[in-house]
Amino acid sequence: MADRVTVIGWDGSPLTPAARAALAAATLVAGAPRHLALPEVPAAAETVRLGSVTVAAGRIAAHRGTAVVLADGDPGFFGVVRALRDHRHGLEVEVIPAVSAVAAAFARVGMPWDDARVVVAHRRTLRRAVNVCRAHTKVAVLTAPGAGPAEIALLLGPVPRTFVICESLGTDAEQVTVLTSDRVAGHRWTDPNLVIVIGAPAGAPDGEHWLAGLDPAEDGRPRGWGLPAALAAASSAAVAPEDAGPSGAVGPPGPPDPAGRLRALQLAALGPRTGDLVWDVGSDDGLTAAEAARFGAAVIAVDRDAAACARTAEAARRLGVQLQVVRGAAPQVLESLPEPDVIRIGGGGPRTLSACVDRRPQRIVTHATTRDQAETAGRVLAAGGYRVECTLVQLVELNTDTWSESGRTVAFLLTGSRM
């Protein structure tokens, strides 16, 4: 029985001596058809087309001989190594890597990628991968049939992005194409391909890089949640250059306010995370939307008031995050928006709440100023099949110089969780 397998990465370049030696000794070789067609694969070796890695691992474990698996690029990076190392197979894995497809793609266009997000898109994860492309300005997407450049562009809709589409990397058929997102869906793309999705940076392009996938402007942004409204209200023209951080945010951010504390509670109830799409319906000053985006979620902020939309866009700019602002009256404007994961409702009444319930997000968070309003909202959520929680929140801010009350907020905080 085989208890060891050698996994060889291939990036289109000649195999290394170690890889050729491993293949020459192989009595079983697993891989995609393009890998099994390599001249180094021994003619006498048993071959396994690599569809299900679990099935192939079973064949390898039962094989009496020396097994090799061929895979694209670096097989330890979103590759077969994780599945082969599953303890159920009992296989010891040796890896001979090649250049990953992501590294090769960024090299083709001469771009650094230590600040890029990397996602895998297939039919089950496509929507979440697209949400990452909404929320971040540099994303590499490892695609699959049915979840390729055209599908990504269609789901992004009006969000402007530049696509770098790398087809058949490392082969004679390699093609690298750069298009704006509105032109991508009109083309047919060859599998396999990888897409780099690029947006305009929200913050400063320079900064210290110390963590892969991190926007270098993040360290210059205000610390904490429930930031004071003054942070969004102040215009950049009123900020002296020496007072602005790398992303244009003012530091220190100023004293907290009760509304900011309520916003922090709403964000805690929402729980936005990478891959989510958040609707902020009735965005007002835009800070809830902008702070949700700081968690890595994609955000669509909706308000019928043009001034509120402008404040939201400014809040996003000052906090260095990406979000989409949609002007229109709820609930009508919500009909054309993509499916949300969580929704925060800042206004609109029972009709807007009912329209949000109909979209079946995982969680809905809203607030009311009276008990009657809270009971009405709770009934709408419960009728839609949501488990309802309501908390009466009283927030009082004190001036610590005089220890006198400087602000007060009383609200009913409602959370609906899908059952």
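Residues numbered from 1 in each chain as written. Predicted model: local features only at pLDDT ≥ 70, side-chain atom pairs only at ≥ 80, totals over all residues. Heavy atoms only, no water.

Enquirer: Residues and numbers for the pattern of salt bridges, please.
Expert: The final tally for this structure, using the stated rule, is 20 salt bridges. Here Glu-397 and Arg-261 are joined by a salt bridge, their closest N and O atoms 3.3 Å apart. One end of the pair, Glu-397, is in strand 16 (residues 386-399); the other, Arg-261, is in helix 9 (residues 258-270), with 136 residues separating them in the sequence. Judged by relative accessible area, which is 13%, Glu-397 ranks as buried. Judged by its relative accessible area of 38%, Arg-261 is partly exposed. Across the pair Glu-375 and Arg-371 runs a salt bridge whose closest N-O atoms are separated by 3.1 Å. Of this pair, Glu-375 and Arg-371 both sit in helix 13 (residues 371-383), four residues apart, which is roughly one turn of the helix. (Salt bridge = Lys/Arg side-chain N within 4 Å of Asp/Glu carboxyl O. Helix = DSSP H or I, 4+ residues; strand = E, 2+ residues; numbered from the N terminus. Buried < 20%, exposed > 50% of the residue type's maximum accessible area, 1.4 Å probe, protein only.)

Enquirer: Talk me through the layout of surface pockets; I want residue IDs and the actual numbers.
Expert: Approximately 1400 Å³ is the volume attributed to the largest pocket. Arg-34, Asp-72, Phe-78, Gly-79 and Thr-143 are, among the 45 residues lining the largest pocket, the residues nearest its centre. Sorting the residues of the lining of the largest pocket by element identifies helix 2 (33-36), strand 4 (67-72), helix 4 (81-84), helix 5 (101-108) and strand 10 (193-198) as the ones contributing at least two each. Here the residues of the lining of the largest pocket are counted per class, giving 25 nonpolar, 13 polar and seven charged. (1 Å grid on protein atoms, 1.4 Å probe; cavity = no way out; pocket = protein on both sides within 12 Å on 5 of 7 lines; lining within 4 Å. Points joined across faces, edges and corners; volume = space filled by probe spheres on them. Nonpolar A, V, L, I, M, F, W, Y, C, P; charged D, E, K, R; others polar.)

Enquirer: So what's going on with the packing of aromatic side chains? Which residues, and what values?
Expert: Evaluation of the coordinates by the stated rule reveals four aromatic pairs. Geometrically, the ring pair formed by Phe-77 and Trp-113 is edge-to-face, given 6.4 Å between the ring centres and 70 degrees between the ring planes. With Phe-77 in the loop between strand 4 and helix 4 and Trp-113 in the loop between helix 5 and strand 6 (117-120), this pair connects stretches of sequence that are 36 residues apart. The class of Phe-77 is partly exposed, set by a relative accessible area of 30%. On the basis of relative accessibility, which here comes to 30%, the residue Trp-113 falls in the partly exposed class. Ring centres of Trp-225 and Phe-295 lie 4.2 Å apart, and the angle between their planes is 15 degrees; this geometry places the pair in the stacked category. Residue Trp-225 is found in the loop between strand 10 and helix 8 (230-233), and its partner Phe-295 is found in the loop between helix 10 (287-294) and strand 12 (298-303); the two are separated by 70 residues along the sequence. Judged by relative accessible area, Trp-225 falls into the partly exposed class, the value being 40%. Judged by its relative accessible area of 31%, Phe-295 falls in the partly exposed class. (Phe/Tyr/Trp six-rings, centres within 6.5 Å; stacked < 30°, edge-to-face > 60°.)

Enquirer: I'd like to hear about helix 5, residue by residue, with values.
Expert: Where helix 5 is concerned, the buried positions are Val-102, Ala-104, Ala-105 and Phe-106. Of the surrounding secondary structure, the elements contacted by the buried residues of helix 5 are strand 6, strand 7 (138-142), strand 8 (162-167) and strand 10. Once helix 5 finishes, Gly-110 follows within two positions and takes phi at roughly 65 degrees, a positive value. (Contact = heavy atoms within 4.5 Å.)

Enquirer: An account of the sheet that holds strand 14 (residues 342-345) is requested, with residue identities and associated values reported.
Expert: Pairing is mixed in the open sheet, where seven strands are placed in the order 13-12-11-14-15-17-16. Across the chains shown, the open sheet's two edge strands, defined by having one partner strand only, are strand 13 (324-327) and strand 16. Across the sheet, the axes of successive neighbouring strands diverge by a mean angle of 20 degrees, strand direction being ignored. As judged from the four bridges shared by strand 12 and strand 13, these two strands associate in the parallel manner. Residue pairing in the sheet places Val-302 in a bridge with Val-326 of strand 13. Against the sheet, helix 6 (residues 126-135) contacts strand 11 (277-281), strand 12 and strand 13, and its axis sits at roughly 70 degrees relative to strand 12. (Pairing = 2+ DSSP bridges. Axes fitted to C-alpha atoms, helices over the stretch in contact; angles between N-to-C directions.)

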